[in-house]
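# Tertiary structure, described
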Amino acid sequence: MEAPVNPQTRAVRALNRFGLGARAGEASTLGDPKGWLLDQLEDPPPSVVGDVPDEDEVWVRIGAFRERQRARDREGAQEAGRRMRELYRREARLLLDTRVTTERPFVERLVAFWSNHLCISVGATAVVAPLAGLYERQAVRPHVLGRFEEMVLASVRHPAMLVYLDNFRSIGPDSAAARLVRQNRNRELGLNENYARELLELHTLGLDGGYGQGDVEELARLLTGWTVPSLLPWRRAQLERMGRDGSGARGPGSQRGPGRGDGDESEPGFAFLSVLHDPGEKAVLAGRYGEGQAEGERAIRDLCRHPATADFVAGKLARHFLSEEPAARDVEALASVFRATGGDLSAVAARLVELETAWDPDTRLFRTPQDWLVAVLRAVHHDEAPDRATGVLRQLRHTVWAPDAPRGYPDGARSWADPDSLMNRAELARSLAGQAPRDDLRPERLLSVLELSGDDPLPALVHDETIGARERLALVLGGPAFQWR
Amino acid sequence: MTMDRRGFVRGMCLGGLATFALPAVRFAQVPGDGRLVFLLLRGGVDGLAALVPAHDPAYARARRGLALPDEALTDLDGRFALGPGLEPLAQLWNRDELLAVHALAIPYRSRSHFDSQAVLETGLDVPSGAADGWLNRLLGVMGGEARGVAVAAGMPRSLTGPASVSTWSPTRLGSVGGAYLDRLALLYRRDRELHDRFEAALQMKELAGDEGDAMGSRGTGLAARYAAVMDATARFLAQSDGPNVAAVEFSGWDTHAAQGGADGPLARRLGGLAQALADFPERMGDRWRDTTVVVMTEFGRTVAVNGSGGTDHGTGGAAFVLGPRVRRSMVVADWPGLADGELFEGRDVRPTLDTRALLKGVLAGTFDLTAGQADRVFPESGGVQGRYDLMI
């Protein structure tokens, strides 16, 4: 590579590789780029800017939707569905505003990474949409600078995840409820192993983590009873009756989960219902577990502390922040911090910044559509995301909180840099440049957000005043250099 | 690059969540007249809901709550029947243009979407993180002008590899002029990795022409989406200098809960798909005579209904092959049966046919490949005899 034209290369790298994109002129203000990144990890958990929907409002709207559904009122349910999606749109918009304006862009990148690692999808079923923003704010944000297992446990308990991967309706085949239904109505209730499988494959051990079909089924049994009572087809009183009739000896019908707990009969959210829980011993990998919520928690903590989890998570972080094909020693460096600190995600993030690969000018990573759009908006000094942003992301196949599959959105040029996507970015760059405020029309200032080699033709084009200023701006944003970080 | 590019901003104004990104369609060109569409249904289609073994005495008991009544089925050969939603495929069956395949599986036993899609798309017998896709390998085997073009929303694994391949989607995000694109092309020329891709995008824009911008501006429902994508696919494949191979994909088949019966959610989804497929021959016009469409998924699902009225990840599943080059309409199934002792690991349809055996037959029939060439598309598959008896 030729000598870089930008003297602030390391600062630009910090802003782009670890952050959400440099603002024009920002690189010269950073001081020590590494210190700037590490300082961001010191502050409290990152929050969303603006006025987020109230949790009670979320449940009110879900309740209204469920009620219209139960009444088989198609039109009413559609209207209630629209009101649920409104909440999603508001949350998605506030998330983008946060990314565009944050002064802790590294931490927001970590939020996005972990949120995608433990993803839910609003494309799956109607009820996930209003819960999506809540999920990221309650399960992910509080733990991105904390411990991995606390984040995983928060996701296991979150209604959005319980609904998305069907665990809320997974019922122990020998649970009190299943036995009663079998006896009275000759119907089978049973396991849904969707969540247990993805918890092993995608959230903790990884595909090569050494588990088998038997482990999936046993973990599914352990997780029966982790549910969202208000979304089940039974009323609370029925559930309690099942608990009494089906197994008088087994104690109360439910144990409240953390979170809301004022004991209200109609209270929404997570609860552990022992009437749905499969009794008996369970064996997951080397662990042996008994009954109840605490045993499920113990199993999940064991999975999070398993050495394969450290390797899996480290590899994924390295591919996201370092290189599409990271060196084994970089992955091991991250994994060993993960293991040594019991999954301290702040320590792992700090180690990431220390790895020389991240700063090597010869390495580059392709920006995902979300990160490209946010980088564009930051580069031209927007103080919020435009109204059309969420729609644009849908068209770029990177809708907020809506991956096609539980694996989440992929990383890398292989996934995002197809010909049509490059053309879409070129089109969008031109269109956004056309709407940029007149004050921002100094395309030459934007050269400071890029790492360019000495023989790149972009600076000459950007200084060519025979080309309109808006088109020159578009050439920066839609050109190849801006697609990488 | 002086063609008039009439674009327009659309979709900025599309409200709501109803339209997720259009499913992907990608093209690649190989010499010859043959045309192949590889339609991948991501998520794992319930093969027993799509192609119903109505003759199997164990069927009703094994499926439990998901067993379908006879009146919901469209009989094919007295043994197997099309499941609810797929009625439109009967047209193809009656024209001798449909193979309905059952108890088919990839050569690797895994119930992971990720692993299974990797095996199906790379054409290998184990998942490999680095391997290229078999459609791309096909382009190499065919040799000649492997010019890439695309109708796309991304690049699927099956098409990745050394042969230059393009993507195209109906999404247009702004009007761009020729001079602007020329300057961008100049910039992209210096980017080793992106240069070919941007060139491909320019070519594709030209091939699509102005009308291309209007494609896909249909309704927002599932059926409309499937129809729009298949119409766009036909538009490119039907051109005499168009691509020969298209990869299309639709996701959303992972029916863990409430998949429903004769008029349930899965049946409606299958219905949208079948209608788009049934309309496809007419869209292809004269070119249909050279065309084969293969519809596949990464795995079948559990035989028994799960605790939530759905099915979990399974093994053997169903596939369909459409086109005039099939020998005659028939059900291709060495049927293992659904009785208790016959299920794979006590829960899934036992696979009796390797996806690669079927695909080899399809490739040979569509592109007049030799068995040796077909073997090269699927490395290490010499021991898997192609089903060369299924196509003309």
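Note that the structure is predicted; figures quoted are calculated from it, not measured. (Residues numbered from 1 in each chain as written. Chains lettered and ligands numbered in written order. Predicted model: local features only at pLDDT ≥ 70, side-chain atom pairs only at ≥ 80, totals over all residues. Heavy atoms only, no water.)

### A look at the overall build of chain B
When its secondary structure is counted, chain B shows eleven helices and 13 strands. By residue count, 64% of the 392 residues in chain B fall in the buried class. Long-range pairs, those at least 24 residues apart, make up 77% of the contacts in chain B with a sequence separation of at least 6. As displayed, chain B offers around 13300 Å² of accessible surface, 49% of which is attributable to carbon and sulfur atoms. (Helix = DSSP H or I, 4+ residues; strand = E, 2+ residues; numbered from the N terminus. Buried < 20%, exposed > 50% of the residue type's maximum accessible area, 1.4 Å probe, protein only. Contact = heavy atoms within 4.5 Å. Areas by Shrake-Rupley, 256 points an atom, 1.4 Å probe, with all protein chains shown as cover.)

### Things to note about the nonpolar core
Residues and elements named next belong to chain A. If you look at the biggest cluster of nonpolar residues, it comprises 177 residues, and the most contacted ones within it are Trp114 and Phe482. For this core, the element with the highest residue contribution is helix α4 (residues 74–101), accounting for nine residues. Residues in contact with tryptophan 114, not counting those within four places in the same chain, are Val140, Val144, Phe148, Met151, Val313, Leu317 and Leu345. (Core = buried A, V, L, I, M, F, W, Y, C linked by side-chain atoms within 4.5 Å.)

### Structural notes on helix α13 (residues 293–305) of chain A
Taking 1.5 Å of rise per residue, 13 residues should cover 18 Å, and α13(A) covers 19 Å from first to last C-alpha, within 8% of that figure. Listed as buried for α13(A) are Gln293(A), Glu295(A), Gly296(A), Ala299(A), Ile300(A), Leu303(A) and Cys304(A). (Expected span 1.5 Å × (residues − 1).)

### Quick notes on the confidence of the model for chain B
Detailed conclusions should not be drawn from predicted coordinates in areas where pLDDT is low. Residues and elements named next belong to chain B. Residues at a pLDDT of 70 or more form 86% of chain B, whose mean pLDDT is 86. Long-range and interchain partners of residues 1–24, a stretch whose pLDDT sits below 50, account for 70 contacts in this model, where long-range means more than four residues apart. Here residues 146–150 is a poorly scored stretch, pLDDT under 50, and it has 31 contacts once near neighbours within four places are set aside; other chains count. (pLDDT = per-residue confidence, 0-100.)

### Quick notes on the interface of chain B and chain A
With 63 residues of chain B at the contact, the number on the chain A side is 62 residues. The interface formed by chain B and chain A includes seven salt bridges. Across the pair Glu427(A) and Lys205(B) runs a salt bridge, and its minimum N-O distance is 3.5 Å. On the surface where chain B and chain A come into contact, there are 25 residue pairs in polar contact (both at pLDDT 80 or more). (Salt bridge = Lys/Arg side-chain N within 4 Å of Asp/Glu carboxyl O. Polar contact = N/O pair within 3.5 Å; in protein donor to acceptor, adjacent residues only side chain to side chain.)

### Comments concerning the side chain of Arg141(A)
All names here are of chain A. With respect to the element layout, arginine 141 can be found in the loop between α6 (128–140) and α7 (148–156). Owing to a relative accessible area of 2%, arginine 141 belongs among the buried residues under this scheme. Those residues within four positions of arginine 141 in sequence are excluded, and the remaining contacts are Pro45, Pro46, Ser47, Val48, Leu95, Thr98, Glu108, Val111 and Glu136.

### Some thoughts on the side chain of Asp456(A)
Among the secondary structure elements, Asp456(A) is positioned in the loop between α20 (419–435) and α21 (458–462). Here Asp456(A) occupies a buried position and makes no salt bridge, while the nearest side chain of opposite charge, Arg190(B), is found at 4.2 Å. Within polar-contact distance, the side chain of Asp456(A) engages the backbone nitrogen of Leu458(A) at 2.8 Å. Those residues within four positions of Asp456(A) in sequence are excluded, and the remaining contacts are Leu187(B) and Arg190(B). (Lys, Arg positive; Asp, Glu negative; His and termini not counted.)

### Remarks on the packing of helix α1 (residues 9–18) of chain A against helix α2 (residues 33–40) of chain A
Between two packed helices, both the angle of their axes relative to each other and the distance between the axes serve to describe the pair. Residues and elements named next belong to chain A. With their axes 8 Å apart at the nearest point, α1 and α2 run at an angle of 30° to one another. Between α1 and α2, the angle is such that the two are roughly parallel. Taken together, the residues of α2 that come into contact with α1 (itself represented by Arg10, Ala11, Ala14, Leu15 and Phe18) are Pro33, Lys34, Trp36 and Leu37. Taken together, the residues that form the contact of α1 with α2 break down as seven nonpolar, no polar and two charged. (Axes fitted to C-alpha atoms, helices over the stretch in contact; angles between N-to-C directions. Parallel < 35°, antiparallel > 145°, perpendicular 65-115°, else oblique. Nonpolar A, V, L, I, M, F, W, Y, C, P; charged D, E, K, R; others polar.)

### Some thoughts on the pairing of strand β6 (residues 98–105) of chain B
All names here are of chain B. Judged by how many residues are buried, β6 sits mostly within the fold: eight of eight residues are covered. Summarising the sheet, β6 and strand β11 (residues 317–322) pair through five bridges and their orientation is antiparallel. Bridge assignment links leucine 104 to a residue of β11, and that residue is glycine 317. Relative to strand β12 (residues 330–332), β6 is paired through three bridges, and the arrangement is parallel. (Pairing = 2+ DSSP bridges.)

### Details of the sheet that holds strand β3 (residues 51–52) of chain B
In a beta sheet, neighbouring strands pair by backbone hydrogen bonds and run either parallel or antiparallel. Residues and elements named next belong to chain B. The strand order across the open sheet built from three strands is β3-β5-β4, with neighbouring strands paired in antiparallel fashion. Whereas interior strands pair on both sides, the edge strands pair on one side only; in this sheet they are β3 and β4 (74–75). The pairing of β3 with strand β5 (residues 81–82) spans two bridges and is antiparallel. Of the residues in β5, the one forming a bridge with leucine 51 is leucine 82.

### Comments concerning the domain arrangement of chain A
Residues and elements named next belong to chain A. What the domain assignment reports for chain A is domain 1 (9–32 + 364–483), domain 2 (165–305) and domain 3 (314–359). For domain 1 and domain 3, the distance between their C-alpha centroids amounts to 26 Å. Its largest share of buried area at the contact with domain 3, domain 1 owes to Arg10, Phe18 and Leu365, together 51% of the area lost on that side. Linking domain 1 with domain 3 are zero salt bridges, by the criterion used here. Along the contact surface separating domain 1 from domain 3 lie five residue pairs in polar contact (both at pLDDT 80 or more). Here the element with the most residues in the side of domain 1 that touches domain 3 is α1; it accounts for five residues. Here the residues of the side of domain 1 that touches domain 3 sort into four nonpolar, one polar and six charged. (Domains from an automatic or database assignment. Buried area = accessible area lost by both parts, 1.4 Å probe.)

### Let's talk about the packing of helix α5 (residues 134–142) of chain B against helix α10 (residues 355–367) of chain B
All names here are of chain B. The contact between α5 and α10 brings their axes to 13 Å, and the two run at 40°. As far as their axial angle goes, α10 and α5 are oblique. Like other packed secondary-structure pairs, α5 and α10 cross with a definite hand, here right-handed. Residues Trp134, Leu138 and Met142 of α5 touch α10, and the partners they reach there are Leu359, Leu363 and Phe367. Taken together, the residues of the contact of α5 with α10 break down into six nonpolar, no polar and no charged. (Left-handed = near helix turned anticlockwise from the far one by under 90°.)

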